[in-house]
Amino acid sequence: MVAQVIDGKAFAAKVRAQVADQVAKLKEENGITPGLAVVLVGEDPASQVYVRSKGKMTVEVGMNSYEHKLDADTSEADLLALIEKLNNDPAVHGILVQLPLPKHLNEDLVINSIDPAKDVDGFHISNVGLLGTGQKSMVPCTPLGCLMMLRDHHGSLSGMDAVVIGRSNIVGKPMAQLLLGDSCTVTIAHSRTKDLPDVVRRADIVVAAVGRPEMVPGDWIKEGATVIDVGINRIERDGKTKLVGDVDYASAAERAGAITPVPGGVGPMTIACLLANTLTACCRSNGLPEPEGLTA
Ligand SMILES: NC(=O)C1=CN([C@@H]2O[C@H](COP(=O)(O)OP(=O)(O)OC[C@H]3O[C@@H](n4cnc5c(N)ncnc54)[C@H](OP(=O)(O)O)[C@@H]3O)[C@@H](O)[C@H]2O)C=CC1
Ligand SMILES: Nc1nc(=O)c2c([nH]1)NC[C@@H]1CN(c3ccc(C(=O)N[C@@H](CCC(=O)O)C(=O)O)cc3)C=[N+]21
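Residues numbered from 1 in each chain as written. Chains lettered and ligands numbered in written order. Predicted model: local features only at pLDDT ≥ 70, side-chain atom pairs only at ≥ 80, totals over all residues.

**Side note on the overall build of the protein**
Phase 1 of the analysis: From N to C terminus, the protein includes ten helices and eleven strands.
Phase 2 of the analysis: For 296 residues, the compact-globule estimate of 2.2 N^0.38 gives 19 Å, and the protein sits close to it at 19 Å.
Phase 3 of the analysis: Here the C-alpha coordinates of the protein stretch approximately 50 × 40 × 35 Å along the principal axes.
Phase 4 of the analysis: For the protein, with 296 residues in total, the buried portion stands at 46%.
Phase 5 of the analysis: Of the contacts formed within the protein by residues at least 6 apart in sequence, a portion of 68% connects residues at least 24 apart. (Helix = DSSP H or I, 4+ residues; strand = E, 2+ residues; numbered from the N terminus. Rg over C-alpha atoms; globule rule 2.2 N^0.38 Å. Buried ≥ 20, exposed ≤ 12 C-beta atoms within 10 Å, placed from the backbone. Contact = placed C-beta atoms within 7 Å.)

If you want it as structure tokens, here you go:
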């Protein structure tokens, strides 16, 4: 079987266009412009690239973008004070603190100081609890983007066997919750999983979120399965830096029914979902109906 390529880049452009339409309507009918604040602590080059591209796309859909760049040695008190200010700023509907944070800052404490209603990453314990109990919440952007692509490809996911490789709070665990919410039979695999190849071979849906370049070879993939590759790994090959996923794309594409590429798969959907979440947060805080098709 030769896999159908799930074009995340094109899908993300469609989602952003929907967001832009709704933002234009909000401005016209209600005089409201959604605002997203992104906080970056330190100078990690990869993080700087993401933050720049988030800012650019935020403006492109007609929202206000507020970037806060803090020194790597910023104190926890100063960071918490900034978050408090953004929590109380009516022009800010979404707050994202870029992770990972420098080691001297307590990530849990910082995330849980964000107003849950403005937590567009969906990382606050309140949102995690709401998602886990099937209540309305802010849903983490990367898993939401993966879910949108899976629903678009399959229609219903009910009864499918899904394997999520990785159990991080930002990708693996919320991904598993969303798949369970759509009635998949879900297995979460991690570094202690016995016989990972065997576990993956049973899956109709494989979501790989590990951070190990091309660790999933094609012969682990069940014929016709759908493969969602979350991994973003920069490697050196033939003297050039290259971006690859957690799945060996060439061999997996020979067996899968459908597969997301890296780049151009999950990454662009993550940013599109961040904008969708900001719009959702803005609508909820103003008591307006939520945008359709942009929430989980
Ligand atoms: N496209 C996008 O928008 C995004 C992409 N990413 C990318 O996704 C990847 C994962 O990110 P993140 O979840 O933050 O990573 P983490 O490092 O937080 O988690 C990695 C997970 O993979 C598991 N793991 C590690 N080695 C193995 C192994 N040999 N076999 C099975 N499982 C293993 C770990 O298990 P254990 O818990 O046992 O240690 C852990 O649960 C990265 O490449 C990251 O860059 C992340 C966010 C957004
Ligand atoms: N609080 C927080 N929220 C996040 O959502 C968050 C974060 N911290 N820290 C880092 C990770 C990583 N992440 C990506 C987003 C987009 C691409 C993306 O658009 N990638 C492009 C390629 C970009 C390139 O060329 O480098 C693609 O896959 O096509 C990748 C990775 C969000 N993250």
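**A few points about the site of ligand 2**
Phase 1 of the analysis: Taken together, the neighbourhood of ligand 2 is formed by 18 residues, with L99, P263, G264, G267 and T270 sitting nearest.
Phase 2 of the analysis: At the level of secondary structure, the elements contributing two or more residues to the shell around ligand 2 comprise α2 (45–60), β4 (94–97), α6 (141–154) and α10 (266–285).
Phase 3 of the analysis: Partitioned by chemical class, the residues of the shell around ligand 2 number twelve nonpolar, five polar and one charged.
Phase 4 of the analysis: Counting residues domain by domain, the shell around ligand 2 receives three or more from each of domain 1 (29–126) and domain 2 (141–268). (Near = placed C-beta within 6 Å. Nonpolar A, V, L, I, M, F, W, Y, C, P; charged D, E, K, R; others polar. Domains from an automatic or database assignment.)

**So, helix α3 (residues 76–87)**
Phase 1 of the analysis: The end-to-end C-alpha distance of α3, which contains twelve residues, comes to 16 Å, matching closely the 16 Å that a straight helix rising 1.5 Å per residue would cover.
Phase 2 of the analysis: Buried within α3 are the following residues: L79, I83 and L86. The buried side chains of α3 occupy one side of the element, clustering within an arc of 60° when seen end-on. Residues of α3 that are exposed and point more than 90 degrees away from the buried face comprise A77, A81 and K85.
Phase 3 of the analysis: Packed against the buried residues of α3 are β2 (35–41), β3 (64–70), β4 and α4 (107–111). (Expected span 1.5 Å × (residues − 1). Arc of directions from axis to C-beta.)

**Some words on the site of ligand 1**
Phase 1 of the analysis: Contacts to ligand 1 come from 25 residues, most closely from G166, S168, S191, G211 and T270.
Phase 2 of the analysis: Class assignment of the residues belonging to the shell around ligand 1 gives a composition of ten nonpolar, twelve polar and three charged.

**Comments concerning the UniProt feature "binding site: NADP(+)" (unreviewed entry) in the protein**
Phase 1 of the analysis: In the numbering adopted here, UniProt assigns the feature "binding site: NADP(+)" (unreviewed entry) to G166, R167, S168 and I232.
Phase 2 of the analysis: Along the chain, G166 turns up in the loop between β5 (161–165) and α7 (172–181).
Phase 3 of the analysis: When near neighbours in sequence (up to four residues on either side) are disregarded, G166 contacts V171, G172, H190, A209 and V210.
Phase 4 of the analysis: Positionally, R167 belongs in the loop between β5 and α7.
Phase 5 of the analysis: Beyond its immediate chain neighbours, meaning those up to four positions away, R167 contacts G172, K173, I188 and H190. (UniProt positions renumbered as here; feature names shortened; annotations may be inferred.)

**Points about the sheet that holds β2**
Phase 1 of the analysis: A sheet is described by the order of its strands in space; here three strands give the open sequence β3-β2-β4, paired in parallel fashion. Two strands bound the open sheet, and with one partner strand each, they are β3 and β4. Between one strand axis and the next, the sheet turns through 15° on average, direction left out of account.
Phase 2 of the analysis: Two strands pair when backbone bridges link them, and β2 and β4 are joined in this way by four bridges, in the parallel orientation. In the strand pairing of β4, L36 is matched with G94.
Phase 3 of the analysis: Sitting on the sheet, α2 touches β2 and β3, and the angle it makes with β2 is about 170°. (Pairing = 2+ DSSP bridges. Axes fitted to C-alpha atoms, helices over the stretch in contact; angles between N-to-C directions.)

**As for helix α5 (residues 125–132)**
Phase 1 of the analysis: Among the residues of α5, N127, V128 and L131 are the ones counted as buried. Taken down its axis, α5 places every buried residue within 105° of arc, on the same side.
Phase 2 of the analysis: Elements in contact with the buried residues of α5: α7.
Phase 3 of the analysis: Once α5 finishes, G134 follows within two positions and takes phi at roughly 75°, a positive value.

**Quick word on the pairing of strand β10 (residues 240–244)**
Phase 1 of the analysis: Taken together, the five bridges between strand β9 (residues 233–237) and β10 define a ladder with antiparallel strand orientation. Within the sheet, the bridge partner assigned to N233 lies in β10 and is V244.
Phase 2 of the analysis: Between β9 and β10, which pair antiparallel and follow one another directly, the connecting turn spans two residues, one of which, D238, has a positive phi of 50°.

**Observations concerning the UniProt feature "domain: Tetrahydrofolate dehydrogenase/cyclohydrolase catalytic" (unreviewed entry) in the protein**
Phase 1 of the analysis: Here the UniProt-annotated "domain: Tetrahydrofolate dehydrogenase/cyclohydrolase catalytic" (unreviewed entry) positions come out as residues 6–121.
Phase 2 of the analysis: Strand forms 16% of residues 6–121 and helix 48%; the C-alpha atoms that close the span are 24 Å apart.

**Here we look at the environment of N87**
Phase 1 of the analysis: Here N87 shows up in helix α3.
Phase 2 of the analysis: With 15 C-beta atoms counted inside 10 Å, the residue N87 sits in the partly exposed group.
Phase 3 of the analysis: Sequence spacing of N87 and L294 is 207 residues, and the spatial spacing of their C-alpha atoms is 23 Å.
Phase 4 of the analysis: Those residues in contact with N87, other than ones at most four positions away along the chain, are I114, D115 and K118.

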